[in-house]
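# Observations on the model geometry
Each chain is listed here by its residues.
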Amino acid sequence: MELRDIEIFLALADELHFGRTAERLHVSQARVSQTIKQVERRIGAQLFARTSRRVQLTPIGRRLRDDLDPAYRALNEGIERAVAAGRGIGGVLRLGFEAPGVADLVEDLLDRFRRRYPDTELLIREAEFADPFAMLRSGEIDVLVTLLPADEPDVITGPPVHAEPMVLAVSSKHPFARHRSVTLDDLARDTVLRAAHPPEPYWIEEPRQWLTPAGHPVTRGKPFATFQELLAAIAGGTGICPLAAHAQEYFSHPRIRFVPFEGSPDVEWGIVWPRSAETARVQAFAHVASGGNPRN
């Protein structure tokens, strides 16, 4: 079997859908189907049971997947290490995190990168709460893990690396603290606090009005320069603040309750880097984050 045949087989074994496999590997669906038929002829047995509704691995297909997958991963990692050595990827990659706790939540990604590029050291930094992009623009970090979308003209947005629900941080004395859940429309019922991010560009009038999904205006409170100041204000009843769900574990507070949102979309964390400083190390990290295989 050719390496590409193994890649197509393993991708289909993972996706169990010919269309998604073709999209994932950037090939035609016919190419996927032809490759699987050729592999099955070579094996002498059916590897996938196909119906009009679903695709399933046969027992022989499952055994082949289990045998090939670790060897294929090891081969890819060996190729990546050789490519890294050839391109000079070794060195230090400085990663900034808008929320330090997310570094723990994406530890699997960091471990995968370390295994593929053992000569590259990952240096973890906490980005500034008030302006997470400042360290990226000053050159203090190479890649920033931040909330998406990140619509900044001078940075490239890479793949998402983590998704999680939102919670509403409120004072333990707040009426919402007794609720099992809240909705985004509930944000109109109190002052919503926020980080002191830099002002909008000069051509955008401030303040722009925030509206809930139902069109109710949201009252914005004064911005805070540090996360601890924000938590203190919430605990004191100054206002409420939507946060990523991991805050409940990483920033527990005796006078703050974290109430789940009902029906709200998850928040996504993704990686961004400066357009003017896209190095081989940055490209390698983005490629691992996207789940890609070695580039030829």
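Keep in mind that what you see is a predicted model, and the values were worked out from it rather than measured.

## A closer look at the environment of T238
Tracing the sequence through the fold places T238 in the loop between α8 (227–235) and β11 (241–244). Put simply, T238 and T191 are 47 residues apart on the chain and 7.5 Å apart in space, counted from C-alpha to C-alpha. Contact partners of T238, with chain neighbours within four places excluded, come to T191, L193 and A233.

## What to know about the sheet that holds strand β8 (residues 191–195)
Spatial ordering of the open sheet is given by β8-β10-β9, a layout of 3 strands whose pairing is mixed. At either margin of the open sheet sits one strand with a lone partner, and together these are β8 and β9 (210–211). Here 2 bridges tie β9 to strand β10 (residues 217–224), and the two strands are oriented antiparallel to one another. By the bridge assignment, L211 is partnered in β10 with P217. Contacts from α8 reach β8 and β10, with the element oriented near 165° to β8.

## Some remarks on the sheet that holds strand β12 (residues 256–260)
The antiparallel open sheet is built from 3 strands, whose spatial order is β11-β7-β12. Both edges of this open sheet fall to β11 and β12, since each of them pairs with a single strand only. Strand-to-strand, the axes of this sheet are offset by a mean angle of 40°, without reference to chain direction. Of the pairings in the sheet, the one linking strand β7 (residues 166–171) to β12 comprises 5 bridges and is antiparallel in character. Bridge pairing in β12 links V167 to P260. Packing against the sheet, α8 makes contact with β7, β11 and β12, and its axis sits at approximately 60° to β7.

What counts, and where the lines are drawn
Residues numbered from 1 in each chain as written. Predicted model: local features only at pLDDT ≥ 70, side-chain atom pairs only at ≥ 80, totals over all residues. Heavy atoms only, no water. Helix = DSSP H or I, 4+ residues; strand = E, 2+ residues; numbered from the N terminus. Contact = heavy atoms within 4.5 Å. Pairing = 2+ DSSP bridges. Axes fitted to C-alpha atoms, helices over the stretch in contact; angles between N-to-C directions.

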